[in-house]
Amino acid sequence: MSCDFLTLATPGVATLQPYQPGKPVEELQRELGLKDIVKLASNENPLGPGERAMEVLRRPKEIARYPDGNGFKLKARLAKYHGMSADRITLGNGSNEILELITRAIVQPHHEVVFSDHAFAVYPLVTQAVGAKPVVVQAKDWAHDSEAMAAAVTANTRLMFVANPNNPTGTWIKRNELTRLLETVPDHVIVVVDEAYFDYAVLPDYPDCSTWLDIFPNLLVTRTFSKAHGLAALRIGYSLSHPEIADLLNRVRQPFNVNALALAAAEVSIDDRKHIEKSIQANQDGMNLLTSAFDEMGLPYLPSAGNFVCVDLQRPGREIFNQLLRKGVIVRPVDNYGMPNHIRVTIGIEHENKKFIAALKKVLTS
Ligand SMILES: *Cc1c(COP(=O)(O)O)cnc(C)c1O
């Protein structure tokens, strides 16, 4: 009996390429039998979670019970932290889930979704999954071209994704430019500003969009606990939006989309400024170390507002990625982002950064 289940796929799913995650350390251990492996591939916080979160996680409570499906306590904490009402907050299984929920809630196959070239891979994925038309706007110097993005909007556009800063490029849109974009985009387009790296983006012209919801009701801001908060494995993120948009997201999410450990850890993480400050400092130190090394090696790189940097190796990045694996260093090739000569490196702690630089020097001179 022959089956061809692939033909059952909806048109969008039929041509969908699954998300490619960073290579897990254990996988490389299994494959090469290496012991000492450094993973700088998924933009996690190399310091891990803060002490407060760890304390909560060491004493988990009520595992036999379903979590609070409405996340009441965490939403109350977030509402206080952001100085807004809790009905603007939606919790997600990672902020990735929010990106999917908003797409499922409002985008139909005849609609268009606008995002930039070299932008986060999840935007095309969620667009294609609902069978809608991706409108990929050409980047300018690897960064979002906000004027071109505004110009790409049509009557059929429902959604625009703006990654600020963007992954994998690390580029960011300045305050004035983002205001202008939001002023230009009509209200039938929901603009998602993905601020996954918000805490790391300590630059004077970097905008905090969370304070703009009253001015731009069609704005949806996403944040995550996966990056600076060091809780990537727990899968928790959230969005801030108009309450009516939050209501739509609430209709399509699963009843218990965020687990109890994630809720508990996020509650104590959100205002753990000490850990965030420490993480920012470590990131800046590591960024300086890596970029100085690139300068010394004559390798151009993209200035980054995140906890990662894209370096131009001026030869196929995937080959160098493979050679680095053999030296126990996992980075991220970005050829699938239309950047064949770059690799993306997450800023690690000092010994990780040094191990990467030493390995890169060896690989490039061999
Ligand atoms: C890492 C990342 C996210 C966060 O994903 P989570 O699902 O919250 O772990 C979102 N957007 C971008 C651009 C990212 O790089």
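Preceding this paragraph is the structure being described.
This is a predicted model, so every value here is computed, not measured.

Attention shifts here to the overall build of the chain. Summing up its helical and strand segments, the chain has 13 helices and 12 strands in all. At 21 Å, the chain has a C-alpha radius of gyration in line with the 21 Å of a compact globule built from 366 residues. Principal-axis analysis of the C-alpha atoms gives the chain an extent of 60 × 55 × 50 Å. Out of the 366 residues in the chain, the part that is buried amounts to 52%. When the accessible surface of the chain is summed, it comes to about 17200 Å², and 52% of that surface belongs to carbon and sulfur atoms. For the chain, the distance from the average site of its 39 positive side-chain charges to the average site of its 41 negative ones is 5 Å.

Next up on the list: the side chain of aspartate 194. If you trace the backbone, aspartate 194 turns up in strand 6 (residues 190–194). Comment: no salt bridge for buried aspartate 194; closest opposite-charge side chain is lysine 227, at 7.1 Å. The contact partners of aspartate 194, leaving out residues within four places of it in the chain, are Leu99, Phe120, Tyr123, Val162, Ala163, Asn164, Pro165 and Thr222.

With mixed pairing, the 7 strands of this open sheet are ordered in space as 2-8-7-6-5-3-4. Strands with a single pairing partner mark the edges of an open sheet, and in this sheet they are strand 2 (89–92) and strand 4 (133–137). The average undirected angle you get between the axes of adjacent strands in this sheet is 20°. Inspection of the sheet shows strand 3 (residues 112–116) paired to strand 4 by 5 bridges, in the parallel sense.

With that settled, the discussion passes to the sheet that holds strand 11 (residues 332–333). The 3 strands lie next to each other as 9-12-11, forming an open sheet whose pairing is antiparallel. Only two strands of the sheet have a single neighbouring strand rather than two, namely strand 9 (308–312) and strand 11. The pairing of strand 11 with strand 12 (residues 342–346) spans 2 bridges and is antiparallel. By the bridge assignment for strand 12, proline 333 is matched with isoleucine 343.

What follows deals with helix 12 (residues 317–326). Residues of helix 12 that are buried include every one of Gly317, Ile320, Phe321, Leu324 and Leu325, and no others. Down the axis of helix 12, the sector holding all buried residues measures 145°, keeping them to one side. Check the buried side of helix 12 and you find it contacts helix 2 (25–32), strand 10 (329–330), strand 11, strand 12 and helix 13 (350–365). Phi for glycine 328, located one or two positions after helix 12, is positive at around 80°.

The subject of this paragraph is the nonpolar core. Met160, Val162, Leu178 and Leu219 are the most contacted members of the largest nonpolar core, which totals 43 residues. If we ignore the near neighbours within four places in the chain, the residues touching methionine 160 are Val114, Met149, Ala150, Val153, Leu181, Val185, Val189, Ile190, Val191 and Val192.

What follows is about the packing of helix 4 (residues 72–82) against helix 10 (residues 260–269). In the contact formed by helix 4 and helix 10, the axes pass within 9 Å of each other and the chain directions differ by 25°. Classified by the angle between their axes, helix 4 and helix 10 sit roughly parallel to one another. For helix 4 against helix 10, the interelement crossing comes out left-handed. Along its contact with helix 4, which presents Lys73, Leu74 and Arg77, the element helix 10 presents Leu263, Ala266 and Glu267. Its residues placed into classes, the contact of helix 4 with helix 10 shows 3 nonpolar, no polar and 3 charged.

Taken as a whole and judged by the stated rule, the model has 11 aromatic pairs. Aromatic pair phenylalanine 115 and tyrosine 123: ring centres 6.3 Å apart, planes at 55°, arrangement tilted. With respect to burial, phenylalanine 115 and tyrosine 123 carry one shared label: buried. An angle of 45° between the planes, with centres 5.9 Å apart, marks the rings of phenylalanine 294 and tyrosine 301 as tilted. A connected cluster of aromatic rings, assembled from ring pairs, spans Tyr19, Phe115, Phe120, Tyr123 and Phe161. Seen from the ring of phenylalanine 198, arginine 223 lies directly overhead, with NZ or CZ sitting 3.6 Å from the centre. Between the NZ or CZ atom of arginine 344 and the centre of the ring of phenylalanine 308, over which it lies, the distance is 5.8 Å.

Taken together, the neighbourhood of the ligand is formed by Gly94, Ser95, Asn96, Phe120, Asn167, Asp194, Ala196, Tyr197, Thr224, Ser226, Lys227 and Arg235. Take asparagine 167: an N or O atom from its side chain is 2.7 Å from an oxygen atom of the ligand. Within the contact set of the ligand, an oxygen atom lies 2.7 Å away from a side-chain nitrogen or oxygen of arginine 235. When the ligand sits alone it has 390 Å² of accessible area, and the protein chains cover 95% of it. Counted by class, the shell around the ligand contains 3 nonpolar, 6 polar and 3 charged residues.

How each quantity is defined
- Here the residue index of a chain counts from 1 through its sequence in written order.
- Side-chain atom pairs in this predicted model are given and counted only at pLDDT of 80 or more, local residue features only at pLDDT of at least 70, and totals for whole chains, interfaces and linings cover all residues.
- Neither water nor hydrogens contribute to the side-chain values; these are computed over all heavy atoms in the structure.
- Each helix is a run of H or I in the DSSP string that is no shorter than four residues. Each strand is a run of E no shorter than two, and both are numbered from the N terminus.
- The globule rule used for comparison is 2.2 Å times the number of residues to the exponent 0.38, while the radius of gyration itself is calculated over C-alpha atoms.
- Burial classes: relative accessible area under 20% of the type maximum marks a residue as buried, over 50% as exposed, and values in between as partly exposed (1.4 Å probe, protein chains only).
- Using a 1.4 Å probe, accessible areas were evaluated by the Shrake-Rupley method; residue-level cover was limited to the displayed protein chains.
- Positive charges come from Lys and Arg alone, negative charges from Asp and Glu alone, with His and the N- and C-terminal ends not counted.
- By convention, the point assigned to a charge is CZ for Arg, NZ for Lys, CD for Glu and CG for Asp.
- Salt bridge, as applied in this entry: a Lys or Arg side-chain nitrogen positioned within 4 Å of an Asp or Glu carboxyl oxygen.
- Any two residues whose heavy atoms approach within 4.5 Å at even a single point are treated as in contact.
- By this definition, two strands are paired if DSSP reports at least two bridges between them.
- Helix axes are fitted only over the stretch in contact, all axes being lines through C-alpha atoms; the angle between N-to-C directions runs from 0 to 180 degrees.
- In this context, the arc is that of the directions from the helix axis out to the C-beta atoms.
- Side-chain atoms within 4.5 Å are what join buried Ala, Val, Leu, Ile, Met, Phe, Trp, Tyr and Cys residues into a set we call a nonpolar core.
- Here the angle decides the label: under 35 degrees means roughly parallel, over 145 means roughly antiparallel, 65 to 115 means roughly perpendicular, and every other value means oblique.
- The sense of a crossing depends on the near helix, which, turned anticlockwise from the far helix by less than a right angle, makes the crossing left-handed and, turned clockwise, makes it right-handed.
- Classification convention: Asp, Glu, Lys, Arg as charged; Ala, Val, Leu, Ile, Met, Phe, Trp, Tyr, Cys, Pro as nonpolar; all other residues, Gly among them, as polar.
- Each aromatic pair joins two rings of Phe, Tyr and Trp (for Trp, the six-membered one) with centres within 6.5 Å, and gets the label stacked for planes under 30 degrees apart, edge-to-face for over 60, and tilted for any other angle.
- Criterion for a charge above a ring: Lys NZ or Arg CZ within 6 Å of the ring centre, and within 35 degrees of the ring normal.
- Whether a residue is near a molecule or strand is decided by its heavy atoms; if any one of them lies within 4 Å of it, the residue is near.
- Polar contact is defined as a pair of N or O atoms within 3.5 Å, subject to the rule that within protein one atom must be able to donate a hydrogen and the other to accept it, and that residues adjacent in sequence are counted only when both atoms are side-chain atoms.

The values reported here are purely geometric and, on their own, carry no functional implication.
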